[in-house]
Amino acid sequence: MKRVVVGLSGGVDSSVAAYLLKEQGYEVIGLFMKNWHDDSVTISNECPWLEDSNDALLVAEKLGIPFQTVDLSEQYKEKIVDYMFGEYERGRTPNPDVLCNREIKFDVFMKIALSLGADYVATGHYCRKGSIEKDGQEIFQLLAGKDTNKDQSYFLCQLSQEQLAKALFPIGELTKPEVRKIATKLDLITAEKKDSQGLCFIGKVRLPEFLQQKLQPKEGIIVEIPEDAAIYTAEKPIFSTEEAAFAHEAQRINYLKVPGKVVGKHQGAHYFTKGQRKGLNVGGTKEPLFIIETDVERNIIYTGQGNQHPGLFKSALFIANDEVHWIREDLALKPGEKREVLARIRYRQPLQKATLHHYKTGMYVVFENPQSAITEGQFVAWQEEDEVLGSGVIA
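Residues numbered from 1 in each chain as written. Predicted model: local features only at pLDDT ≥ 70, side-chain atom pairs only at ≥ 80, totals over all residues. Heavy atoms only, no water.

Participant: Help me understand the environment of Phe106 in this model?
Facilitator: Along the polypeptide, Phe106 turns up in helix 4 (residues 96–115). Given the relative accessible area of 2%, Phe106 is considered buried. Measuring from C-alpha to C-alpha, the distance between Phe106 and Val121 comes to 7.9 Å, with 15 residues separating the pair along the chain. (Helix = DSSP H or I, 4+ residues; strand = E, 2+ residues; numbered from the N terminus. Buried < 20%, exposed > 50% of the residue type's maximum accessible area, 1.4 Å probe, protein only.)

Encoded structure:
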């Protein structure tokens, strides 16, 4: 009998995942990951992990499976939280959920599971795993979840073949309503529980407050750039190579010399991210202000009116070589090669037509239509049909 360790989070998805595995004849062990107990960084006065671990315990008892809690808070702080603060300080916007899957659930947690003699690790993600044979080798595939509304394959876009080999996603073939229905029928305490928001396993985090406890506030100016600024209508230079043209398109615009007007003050450019609308506290504009660029070195935030402001849109992005990740290593591009794909730059964004162009220094993702708020530090993931092939960190 194969042994599976399922990460019970205290939510409905992982509860039903554990039940389905048991039905399929696996020996199931429930493990709750405690990833946070640093009370010096107050997040909110609610303590979700206590309630969650208790719910996970009750689910395990109901399903008749062994249960234990593992404390991964040290590794979590080191691999996720410290990394996040570092990225924000550099003016990048990290995605902790993608990292948490790569570094915690399918690495630290997986090693613990394997040390318990597990054959597999399972989670309550809405995605599916497939496999094909190629040149006599089994290759694993990460496939979108059947519930297009809940598909979470994006969050797993950094997994490797080794990690996928040991992963199971029992609810990938189901929709959220079907999952809730099963939980209700089993009378699980998590059946009606709301989906958790906020950082993976930290609970209900409000990011600016979280960041302010580690990154010092420093006052700077908010500048509004008009949508008819000359920089947007200037003729593009003629480039001798495609690579140079893509590089020009992907680079950040330097707004220092662009005429704009000071419309307010902020408490630190590193608290803000591109495309953000809330938290600027500047009124009196005809349309709401959106952040089009942050300059962390000079502590300036550049904004534009409305969500169609030209400063928000770019049609190419760059990924440095060491940040390019292929789940399907067998399909990795070599310098000079290109591939048409469907890509997204954030969770739940509709898939966009794009072409990957690989060069010596890294890879450009060139979109058919310009994309709003391409953000450094976030992940771009690409796929063909419903298979996620790879991903990378936006430079």
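Participant: For this particular structure, what's the right way to read the side chain of Glu387?
Facilitator: Within the secondary structure, Glu387 sits in strand 18 (residues 387–393). For Glu387, a relative accessible area of 10% gives the class buried. For Glu387, the side chain forms a polar contact with the side chain of Arg328, separated by 2.8 Å. Beyond its immediate sequence surroundings of up to four residues, Glu387 is in contact with Gln141, Leu142, Leu143, Arg328 and Trp382. (Polar contact = N/O pair within 3.5 Å; in protein donor to acceptor, adjacent residues only side chain to side chain. Contact = heavy atoms within 4.5 Å.)

Participant: Hey, could you run me through the sheet that holds strand 1 (residues 3–7) in this one?
Facilitator: Strand pairing in a sheet relies on backbone hydrogen bonds. The paired strands run either parallel or antiparallel. Across the sheet, 5 strands lie side by side as 3-2-1-4-7; this open sheet has parallel pairing. Here the strands that pair on one side only, and so sit at the sheet edges, are strand 3 (67–71) and strand 7 (167–168). With respect to the sheet, helix 4 is in contact with strand 1, strand 2 (27–34), strand 3, strand 4 (120–122) and strand 7, its orientation differing from that of strand 2 by roughly 125°. (Pairing = 2+ DSSP bridges. Axes fitted to C-alpha atoms, helices over the stretch in contact; angles between N-to-C directions.)

Participant: Honestly, the sheet that holds strand 8 (residues 220–224) in this entry has me stumped. Any pointers?
Facilitator: The strand order across the open sheet built from 4 strands is 9-8-11-10, with neighbouring strands paired in mixed fashion. This sheet does not close on itself; its edge strands, each paired only once, are strand 9 (261–266) and strand 10 (289–295). Geometrically, the sheet is characterised by an average inter-axis angle of 30° between neighbouring strands, direction not taken into account. With 6 bridges joining them, strand 10 and strand 11 (residues 300–305) adopt antiparallel strand pairing. Residue pairing in the sheet places Glu293 in a bridge with Tyr302 of strand 11.

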